[in-house]
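Chains, contacts and geometry: an overview
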Amino acid sequence: MRPLKLHFPDEALPTLETYLKQTKEARVFRRAHAVREVVKGQRLQAVSDALHLTYAALRKGGHRFANQGIQGLVDRPRPGCIFR
């Protein structure tokens, strides 16, 4: 597998720590927790195995967080859902 070549800003870890304390959605919490471990320096494969996430989902979440910040971790609206 190719190594993840992402550059997280210096404030990424404190931002994730604060967000984990505030979020109430389980899916977003789990995603943020996994990305936090990657930001701390853990390998993607180790985090995906430990937290039972797919490697591809964790890689995508890492890229989204690096590019969009916290908004990259939030679920996007899905087509056909009218109650949001």
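In case you missed it, the structure is sitting above this.
As the structure is a prediction and not an experimental result, all values here were calculated from the model.

1. Comments concerning the overall build of the chain
- Each helix and strand counted, the chain has 4 helices and 0 strands in total.
- Listing every helix and strand of the chain by position from the N terminus yields α-α-α-α.
- Buried residues in the chain amount to 30% of all 84 residues.
- Taking as baseline every contact in the chain between residues at least 6 positions apart, the subset at least 24 positions apart corresponds to 52%.
- On the chain, roughly 6100 Å² of surface is accessible, and the fraction owed to carbon and sulfur atoms is 54%.

2. Observations regarding the nonpolar core
- A12, L16, Y19, L20, V28, A32, V35, F65, I70 and L73 together form the largest nonpolar core, which totals 10 residues.
- Within the residue set of this core, elements represented by two or more residues are α1 (12-22) and α2 (26-40).
- A total of 4 residues in this core trace back to one element, the largest contributor, which is α1.
- Beyond its immediate stretch of four places on either side in the chain, V35 contacts L16, L58, G61, G62, F65 and L73.
- A34, V38, L44 and L58 belong to the second largest nonpolar core, which has 5 residues in total.

3. Considerations on the pattern of salt bridges
- Summed over the entire model, instances satisfying the criterion amount to 5 salt bridges.
- Across the pair D75 and R27 runs a salt bridge whose closest N-O atoms are separated by 3.4 Å. With D75 in the segment after α4 (55-68) and R27 in helix α2, the pair connects residues that are 48 residues apart, well separated along the chain.
- Measuring nitrogen to oxygen at the nearest pair gives 3.5 Å for the salt bridge that ties E37 to R36. Here E37 matches R36 in class, with each residue buried.

Conventions and cut-offs
Residue indices follow the written sequence of each chain, beginning from 1 at its first position. Only residues with pLDDT of at least 70 get local features here, since the model is predicted, and only at 80 or more are side-chain atom pairs given and counted; chain-wide, interface and lining totals rely on the full set of residues. Working from all heavy atoms in the structure, the side-chain values ignore hydrogens and water. Numbered from the N terminus, helices here are DSSP runs of H or I no shorter than four residues, and strands are runs of E no shorter than two. Relative accessible area decides the class of each residue, using a 1.4 Å probe on protein chains only: under 20% of the type maximum gives buried, over 50% gives exposed, and in between gives partly exposed. Two residues qualify as a contact provided that any one of their heavy atoms is within 4.5 Å of a heavy atom in the partner residue. Using a 1.4 Å probe, accessible areas were evaluated by the Shrake-Rupley method; residue-level cover was limited to the displayed protein chains. Only buried residues count toward a nonpolar core, which is a set of Ala, Val, Leu, Ile, Met, Phe, Trp, Tyr and Cys residues joined through side-chain atoms within 4.5 Å. The salt bridge criterion pairs a side-chain nitrogen of Lys or Arg with a carboxyl oxygen of Asp or Glu, the two atoms within 4 Å.

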